[in-house]
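Chain by chain, the residues run as shown.
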Amino acid sequence: QADNPPREYNAYLYRFVICTSLLWRIFIMDNQIIKLPAVIKLSALSSATIYRLIKKGEFPKQIKLSERSSGWLLSEVEQWLDSKVNAREVSNEA
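Now for a description of the structure that goes with this document. Keep in mind the model is a prediction, meaning the values are calculated, not measured.

**Considering the pairing of strand β3 (residues 69-73)**
The element β3 is largely enclosed, with a buried count of 4 among its 5 residues. As paired elements, strand β1 (residues 33-34) and β3 share 2 bridges and run antiparallel to each other. Bridging from a neighbouring strand, Ile33 pairs with Leu73 of β3. Pairing of strand β2 (residues 63-66) with β3 involves 3 bridges; the strand directions are antiparallel. Across the sheet, Ile63 pairs through a bridge with Gly71, a residue of β3. Linking β2 back to β3 in an antiparallel pair, the connection comprises 2 residues.

What counts and what doesn't
- Residues numbered from 1 in each chain as written.
- Predicted model: local features only at pLDDT ≥ 70, side-chain atom pairs only at ≥ 80, totals over all residues.
- Heavy atoms only, no water.
- Buried < 20%, exposed > 50% of the residue type's maximum accessible area, 1.4 Å probe, protein only.
- Helix = DSSP H or I, 4+ residues; strand = E, 2+ residues; numbered from the N terminus.
- Pairing = 2+ DSSP bridges.

Remember, this is a structural readout, not a statement about activity or role.
Written as structure tokens, this is what we have:
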């Protein structure tokens, strides 16, 4: 019996593992980088429109990954989409 930890310890350890797993999943999703084809698919915009909106400061700016590669944070693109939905809902209420 001395080798077995108390039941309370097991419950605490289980909750710790679950919470850590959820936090890690949130961290990964918030920092997931997506490439231009995924941005085009999510936003339903053309690449020319995406870059034009970036230049105007109206779309999330890409992150330079290397000399010839860039990507966007999924969370920022999703926030941009949410802002469009919210703007629609506000204009429908007026």
